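# Remarks on the overall topology
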Amino acid sequence: MTLDCYCDYDAPEVYSSRIVRGRKDYSCWECGKPISKGEQHEYAFGVVDGYTFQPRTCMSCVGIRQFVKINIPCFCWAHGNLLEDAKNIVRAAYEEAPDEVRGVAFGLGRLLVSARRERASE
């Protein structure tokens, strides 16, 4: 059995990402949290329609993305819209199968609250 996945976003022609330590201060593309010099975060490089992008993502947002991808295999997301995409896919899955997805929805809620608290303490 194969999953029929549909994404609203165009896939990048070129894409790579890795976990790095910052050489200077950055901001997370997803939640806006400051990423301090020396802090681990994800660095990505991509090309879409001839335009390059180089987002930086804090480890809290990386964790949210990994959590949702593990629990919902057809998770389509875009840099800069991860949190909204995660909420939308979990909400849609919950509407389809509330009993099976209840734990995923609860887990995502906990991760979002934890990330919000981290930003507030910065």
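Our structure's up above, just so we're on the same page.
Residues numbered from 1 in each chain as written. Predicted model: local features only at pLDDT ≥ 70, side-chain atom pairs only at ≥ 80, totals over all residues. Heavy atoms only, no water.

A word on helix H3 (residues 98-121). Its 24 residues give H3 an end-to-end C-alpha distance of 33 Å, which sits within 8% of 34 Å, the value for a rise of 1.5 Å per residue. Of all the positions in H3, only Val101, Val104, Gly107, Leu108, Leu112 and Ala115 are classed as buried. Here the buried face of H3 lies against helix H1 (59-71) and helix H2 (82-96). (Helix = DSSP H or I, 4+ residues; strand = E, 2+ residues; numbered from the N terminus. Expected span 1.5 Å × (residues − 1). Buried < 20%, exposed > 50% of the residue type's maximum accessible area, 1.4 Å probe, protein only. Contact = heavy atoms within 4.5 Å.)

On the surface, a cluster of positive charge is made up of Lys87, Arg91, Arg116 and Arg117. Counting only elements with at least two residues in the positive patch, the list comes to H2 and H3. Along the chain, the position of lysine 87 falls in helix H2. (Patch = residues over 30% accessible without salt bridge, like charges linked within 9 Å, V, L, I, M, F, W, Y side chains within 5 Å. Areas by Shrake-Rupley, 256 points an atom, 1.4 Å probe, with all protein chains shown as cover. Salt bridge = Lys/Arg side-chain N within 4 Å of Asp/Glu carboxyl O. Lys, Arg positive; Asp, Glu negative; His and termini not counted. Charge placed at Lys NZ, Arg CZ, Asp CG, Glu CD.)

So far we have only geometry, and geometry alone does not tell us how the molecule works.
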